[in-house]
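# Secondary and tertiary structure notes
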Amino acid sequence: KYTIIDLPETISVGFCFLKVIFPELRIALPNIIHEHIAGGGDFGSLQEKYDVVFMLPYQSVLIGDDSMDMAFNVASFQEMNIGVVNEYLFLLRRVLNPGGLLVLENLKISRETEGNSFDNYRLEGFIEMKMCNPTYANFVIKNLPRLEYFFYQGVKG
């Protein structure tokens, strides 16, 4: 079971991609979440019915505490205001099971958003298991000044 929190324009692309590659996949879009909750259902029963649930950021409050085993973010925290990044990290602390895995890969210092750097991520409650510079990511941008990726793996303590 997968839950994806994203923006509408990205959800539409993700939905189309998944349906082409895995046509049998049962996918719930944000409107289905809204209808399900309005009809008295809860998020847990929605997850049982669908393989993938795409939700908008404001719908993430529906996810139950300690209900997920893994969370990852690749190359989108670097696009956000640091306050938004830390709100997502708070959400991940809330929804991950104890011992749940968190994987992050982003630029160490955002080239788009001032004040957004890995040093400002609020990772309290996660025990670092691995931190490194992924050579496969840096290979592409190694000639561009001040761009460096990080890979972080931690577990909810």
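Residues numbered from 1 in each chain as written. Predicted model: local features only at pLDDT ≥ 70, side-chain atom pairs only at ≥ 80, totals over all residues. Heavy atoms only, no water.

Positive phi values are uncommon outside glycine, yet Asp-66 reaches one of about 50°. Asp-66 sits in the partly exposed class, given a relative accessible area of 37%. The backbone phi angle of Ala-75 is positive, close to 60°, even though this residue is not glycine. Mapping Ala-75 onto the fold places it in the loop between β4 (68–74) and α4 (82–95). The exposure class of Ala-75 is partly exposed, given its relative accessible area of 25%. (Buried < 20%, exposed > 50% of the residue type's maximum accessible area, 1.4 Å probe, protein only. Helix = DSSP H or I, 4+ residues; strand = E, 2+ residues; numbered from the N terminus.)

Two side chains carrying opposite charge are able to pair once their charged atoms lie near each other. On inspection of all chains with the given rule, the structure shows four salt bridges. The shortest N-O distance in the salt bridge between Asp-51 and Arg-26 comes to 2.7 Å. Remark: Arg-26 occurs in the loop between α1 (8–21) and β2 (27–28) and Asp-51 occurs in the loop between α3 (43–49) and β3 (52–55); sequence separation between them is 25 residues. (Salt bridge = Lys/Arg side-chain N within 4 Å of Asp/Glu carboxyl O.)

Reading across the sheet, the four strands line up as β4-β5-β7-β6 and stay open at both edges, with mixed pairing between neighbours. For this open sheet the edge positions go to β4 and β6 (126–132), each flanked by a neighbour on one side alone. Adjacent strand axes in the sheet meet at a mean angle of 15°, parallel and antiparallel pairs treated alike. When β4 meets strand β5 (residues 96–107), the two strands line up parallel, connected through six bridges. Note on β5: the bridge partner recorded for Met-70 is Leu-101. Against the sheet, α4 makes contact with β4, β5, β6 and β7 (149–156), and its axis sits at roughly 155° relative to β5, the strand it touches most. (Pairing = 2+ DSSP bridges. Axes fitted to C-alpha atoms, helices over the stretch in contact; angles between N-to-C directions. Contact = heavy atoms within 4.5 Å.)

For Arg-93, the position within the fold is in helix α4. Look at Arg-93: it is buried, it has no salt bridge, and the nearest opposite charge is Glu-124 at 4.3 Å. Separated by 2.9 Å, the side chain of Arg-93 and the backbone oxygen of Arg-122 make a polar contact. Setting aside anything within four residues of it in sequence, one finds Arg-93 in contact with Arg-122, Leu-123, Glu-124, Gly-125, Phe-126 and Lys-156. (Lys, Arg positive; Asp, Glu negative; His and termini not counted. Polar contact = N/O pair within 3.5 Å; in protein donor to acceptor, adjacent residues only side chain to side chain.)

This brings us to the sheet that holds β3. The pairing of strands in a sheet happens through backbone hydrogen bonds and is either parallel or antiparallel. A sheet is described by the order of its strands in space; here three strands give the open sequence β1-β3-β2, paired in parallel fashion. One side of each edge strand has no neighbouring strand; the edge strands of this open sheet are β1 (2–5) and β2. With two bridges connecting them, β2 and β3 associate as parallel partners. Paired with Ile-27 across the two strands is Val-52, which belongs to β3. Contacts from α1 reach β2 and β3 within the one sheet, and its direction differs from that of β3 by about 165°.

On to the nonpolar core. Among the nonpolar cores identified, the biggest contains 28 residues, and Phe-77, Leu-89, Leu-102, Leu-104, Tyr-121, Leu-123 and Tyr-152 are the most heavily contacted of them. Breaking this core down by element, the ones donating at least two residues are α3, β3, β4, α4, β5 and β7. Of the residues forming this core, the biggest block, seven residues, is contributed by α4. When near neighbours in sequence (up to four residues on either side) are disregarded, Leu-102 contacts Ala-71, Leu-89, Leu-92, Leu-96, Leu-123, Phe-126, Tyr-152, Gln-153 and Gly-154. Formed by seven residues, the second largest nonpolar core is a distinct cluster that contains Leu-18, Ile-27, Val-52 and Phe-54. (Core = buried A, V, L, I, M, F, W, Y, C linked by side-chain atoms within 4.5 Å.)

Note that every value here comes from positions in space, so none of it alone points to a role or purpose.
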